[in-house]
Amino acid sequence: PTRAEQVTWSPDAAYHQGQMILRDGAFWVAQADHAPQPEFSEQLWSKYTRHDYAVFNPVHTWIEFLNRLLGVLLGIPVLLATAASFAHIRRHPWWVVTMFAVLFTLGFEAWLGKVVVDGNLVPHHITYHMLGAYVLLALLTVLFRNVHSLAEQNLWRAEPPATPAQLRPMLWGFVVLAALLLGQTVLGTSVREGVDDLVHQWGFDAPRAGWVAQLEPGVLVHRSASLILLALAYWLYRRSAGLAGLRARAGLVLMIFMAEAVVGALMYYLEIPKGLQPIHLMLSAGAWMLLVDAVAKSGLILRAIRGSRGSA
Ligand code: HEM
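Residues numbered from 1 in each chain as written. Predicted model: local features only at pLDDT ≥ 70, side-chain atom pairs only at ≥ 80, totals over all residues. Heavy atoms only, no water.

## A word on helix α4 (residues 164–202)
Next up, step 1: Look at α4: 56 Å from first C-alpha to last across 39 residues, which is about the 57 Å you get at 1.5 Å a residue.
Next up, step 2: G203, located one to two residues past α4, shows a positive phi value of around 100°. (Helix = DSSP H or I, 4+ residues; strand = E, 2+ residues; numbered from the N terminus. Expected span 1.5 Å × (residues − 1).)

## Considerations on helix α7 (residues 244–269)
Next up, step 1: Taking 1.5 Å of rise per residue, 26 residues should cover 38 Å, and α7 covers 38 Å from first to last C-alpha, within 8% of that figure.
Next up, step 2: Of the residues flanking the end of α7, it is E271, one or two places downstream, whose phi is positive at about 60°.

## Concerning the sheet that holds strand β3 (residues 45–47)
Next up, step 1: The three strands are arranged β1-β2-β3 in an open sheet whose pairing can be described as antiparallel. At either margin of the open sheet sits one strand with a lone partner, and together these are β1 (20–23) and β3. Taken over all neighbouring pairs, the strand axes of this sheet differ in orientation by 35° on average, direction set aside.
Next up, step 2: When strand β2 (residues 26–30) meets β3, the two strands line up antiparallel, connected through three bridges. If you follow V29 over to β3, its bridge partner there is S46. (Pairing = 2+ DSSP bridges. Axes fitted to C-alpha atoms, helices over the stretch in contact; angles between N-to-C directions.)

## Digging into the environment of N57
Next up, step 1: Checked against the element boundaries, N57 lands in the loop between β3 and α1 (58–85).
Next up, step 2: Residue classification places N57 among the partly exposed positions, given a relative accessible area of 25%.
Next up, step 3: Each C-alpha atom, one on N57 and one on I21, is 13 Å from the other, the two residues being 36 residues apart in sequence. (Buried < 20%, exposed > 50% of the residue type's maximum accessible area, 1.4 Å probe, protein only.)

## Points about the confidence of the model for the chain
Next up, step 1: When pLDDT is averaged along the chain, the result is 87, and 93% of the positions lie at 70 or above.
Next up, step 2: Looking over the chain, one finds the lowest element-wise mean pLDDT in helix α3 (residues 125–158), namely 81, and the highest in helix α6 (residues 218–239), namely 96. (pLDDT = per-residue confidence, 0-100.)

## Considerations on the packing of aromatic side chains
Next up, step 1: Within this structure, the stated rule accounts for nine aromatic pairs.
Next up, step 2: An angle of 20° between the planes, with centres 5.9 Å apart, marks the rings of F40 and W45 as stacked.
Next up, step 3: Linked through ring pairs, W9, Y15, W28, F40 and W45 together constitute an aromatic cluster.
Next up, step 4: When the ring centre of F40 is taken as reference, the NZ or CZ atom of R23 above it lies at 4.1 Å.
Next up, step 5: In this structure, R247 packs its charged tip against the face of Y237, placed 4.1 Å from the ring centre. (Phe/Tyr/Trp six-rings, centres within 6.5 Å; stacked < 30°, edge-to-face > 60°. Lys NZ or Arg CZ within 6 Å of the ring centre and 35° of its normal.)

## Re the site of the ligand
Next up, step 1: The full set close to the ligand counts 22 residues, and R192, H222, R223, Q277 and H280 are the nearest of them.
Next up, step 2: Between the ligand and the protein, one listed contact pairs a nitrogen atom with a side-chain N or O atom of H222 at 2.8 Å.
Next up, step 3: One nitrogen or oxygen atom from the side chain of H280 is found 2.8 Å from a nitrogen atom belonging to the ligand.
Next up, step 4: Of all the elements in the fold, those that place two or more residues in the shell around the ligand are α4, α6, α7 and α8 (276–311).
Next up, step 5: Looking at which element gives the most residues to the shell around the ligand, the answer is α4, with eight residues.
Next up, step 6: The class makeup of the residues in the shell around the ligand is nine nonpolar, ten polar and three charged. (Near = heavy atom within 4 Å. Polar contact = N/O pair within 3.5 Å; in protein donor to acceptor, adjacent residues only side chain to side chain. Nonpolar A, V, L, I, M, F, W, Y, C, P; charged D, E, K, R; others polar.)

## Digging into the domain arrangement of the chain
Next up, step 1: Considered domain by domain, the chain is made up of domain 1 (4–47), domain 2 (57–158) and domain 3 (160–204 + 220–312).
Next up, step 2: Computed over C-alpha atoms, the centres of domain 1 and domain 3 are 51 Å apart. (Domains from an automatic or database assignment.)

## Concerning the pattern of salt bridges
Next up, step 1: What the rule picks out here adds up to five salt bridges.
Next up, step 2: Between D293 and R145 there is a salt bridge, with its nearest N and O atoms 2.6 Å apart. Taken together, the positions of D293 in helix α8 and R145 in helix α3 put the pair 148 residues apart, joining distant regions of the chain. This pair shows no difference in class: D293 is buried, exactly as R145 is. (Salt bridge = Lys/Arg side-chain N within 4 Å of Asp/Glu carboxyl O.)

Next up, the structure:
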């Protein structure tokens, strides 16, 4: 439904079984198909109790619809890529395996998304949903890096020659930073769950003064931990001088983390303005992709160097 009339009971309308209306601050489900009735009868309707979120907002409906549409649109290229990966099954069996893992994770995310919506924010589901999205991003990024790097091999030669002694600390640095980011994200989403509880309690549009003080102490760990992430990102940036592709990634991650800390601080000190929440979330997803890509890229360069030594 996109118009209030569609969810408002009317004596002139016929209803079919399962149809929902909003009445007296609650949703009601039609128990059976029925013709227009002069008055609303509780015998024909039962209260919907799966969740207590009973607000009709067409903007929410459209966002939910777009969200599902995009989910389906994402499924199509994934299916096509899975089919295409079979063409390479002999030389690159891992591409096929990775695509199946992507398909599985996508299915899991779709199912979990439904559970989240049905359960109206059951504890921790958001965190699991976010972790699933990170797994999806990681799998697709690693696969992209693998496929792309075959074409890119000549380009590596054009980069200043790196030595394993330079590359190894970079590889481990990126791995550790990715792991720290994962931890920071889990902490962040648990803070987010606290915010959602407050939204649930007071309403989305309620004034948010005093909310930050009510959050669990995890938010303080989250705030301080960002300094460790920033420090390691800075170290990686300094260390990567001369390593063109890796330096670009380290530099971007450092910039994203700086922006992330600024947005986080604005949320923290300005009582969580609504518009900043999605920016904070998207920035960390971007950093995650770059870090997974950097891990894959440094690993692949190391492997290529070893390979070329082996064949020399
Ligand atoms: C490297 C730095 C940081 C990263 C990667 C990061 C990441 C995240 C992530 C992934 C979330 C969950 C978002 C969601 O589920 O919607 C989150 C939430 C949050 N973060 Fe951060 N964060 C960082 C720094 C900070 C800083 C410095 C602060 C405060 C001073 C902060 C304050 C918050 C708050 C208040 C929330 C909950 C708000 C909400 O989304 O509802 N963050 N963070």
